[in-house]
Structures are given as structure tokens and as C-alpha cells.
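Now for the letters of each chain:
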Amino acid sequence: QVQLVESGGGLVQAGGSLRLSCAASVRSFSSRAMGWFRQAPGEEREFVASIDRYGGVATYADSVKGRFTISRDNAKNTGYLQMNSLKPEDAAVYYCAVARVGDPRINEYEYDYWGQGTKVTVSS
């Protein structure tokens, strides 16, 4: 059974850091790109970051570039999102997802599997 489980969310002060993890029970995890999306209350879900199957190529939303870093450990079937210099506008539920192909993807429809999300709250 395919399952993605996010962890690491919580409450942090503005300027602080959090590291999200995504444990994936996807058989072909190492051959697929993975990504992180987020959804703030009352907003559409939006792309945050994506990384290729090898962990060598990543792409980011402009709003997080230079502050967030996506990575993965294929030996552990786990992905990560390191979030630094957090801002109140980063507060959202963060979702990890596994894509259909191996290259970084920015559109939701290009992802086959989704986690249930982990909540990040940033206090000002």
C-alpha cells in the first residue's frame, strides 16, 4: 500500500527553522521526483519545491528560493524540506508528493501520490 507520511511541522517564531520529513512507502521512489506543496487557510495549494530522482537537481518557488532546501535519501525512501528564515506567510499545511516521472515537476497533476500534510505555524 502506497503511503506518504510527513512529519516535522509545528510552531516556530519568525526567523526560525524547521525541517520537514516525508517517509514514502512507494516501491519506485528512487525513480521518481518528489515535491513539496503548501496550502494556507483560504488559499489554493501551491508549489514549494521539487527534486529529481537522484537528488541532484531541484527547483523552487520564487517565494522560498534561498531559504528552503529540498533533499532526499533514496536509501531511506525519505524526502526532506529544510526551511530557514521562516516568515509568517510561510504558515500553511505542507504536503509531500511523489511524481510520475524522474525530473522535478511543479504542477500538482504531475504527482501520483500525496501525503496528508503537516502543519507549520509561524508566529511574528
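It should be noted that the structure appears before, not after, this text.
Numbering of residues starts from 1 in every chain and runs along the sequence as written. Two thresholds apply to this predicted model, a pLDDT of at least 70 for residue-level local features and 80 or more for giving and counting side-chain atom pairs, whereas whole-chain, interface and lining totals are computed over all residues. As a convention, hydrogens and water are excluded, and side-chain values are obtained from all of the structure's heavy atoms.

**As for the side chain of Ser50**
The following threshold applies: Secondary structure follows DSSP: runs of H or I at least 4 residues long count as helices, runs of E at least 2 residues long count as strands, and numbering of each begins at the N terminus. Contacts described as polar in this section are N or O atom pairs within 3.5 Å, which, within protein, must combine one atom able to donate a hydrogen with one able to accept it, while residues neighboring in sequence count only if both atoms come from side chains. Whether two residues touch is decided by their heavy atoms; if any such pair falls within 4.5 Å, the residues are in contact.
Structurally, the position occupied by Ser50 is in strand E5 (residues 46-51). Within the structure, Ser50 has its side chain in polar contact with the backbone oxygen of Met34 (distance 3.1 Å). Of the polar contacts made by the side chain of Ser50, one reaches the side chain of Tyr111; its length is 3.0 Å. Those residues within four positions of Ser50 in sequence are excluded, and the remaining contacts are Ala33, Met34, Gly35, Val57, Ala58, Thr59, Ile70, Pro104, Arg105 and Tyr111.

**Describing the packing of aromatic side chains**
Quick note on the threshold: Stacked, edge-to-face and tilted labels apply to pairs of Phe, Tyr and Trp rings (six-membered ring for Trp) whose centres lie within 6.5 Å, assigned for plane angles under 30 degrees, over 60, and everything in between, in that order. Only protein chains enter the calculation, and the probe is 1.4 Å; a residue is then buried if its accessible area is under 20% of its type maximum, exposed if over 50%, and partly exposed in between.
A full pass over the atoms with the stated rule returns 4 aromatic pairs. Centre to centre, the rings of Phe37 and Phe47 are 5.7 Å apart; their planes meet at 75°, and the pair counts as edge-to-face. Taken together, the residues Phe37 in strand E4 (residues 34-39) and Phe47 in strand E5 connect sequence positions 10 residues apart. Neither Phe37 nor Phe47 differs from the other in exposure class; each is buried.

**Considering the side chain of Glu110**
Within the element layout of this structure, Glu110 appears in the loop between strand E9 (92-99) and strand E10 (111-114). In this view, Glu110 contacts Ala99, Arg100 and Arg105; residues no more than four positions away in its chain are not counted.

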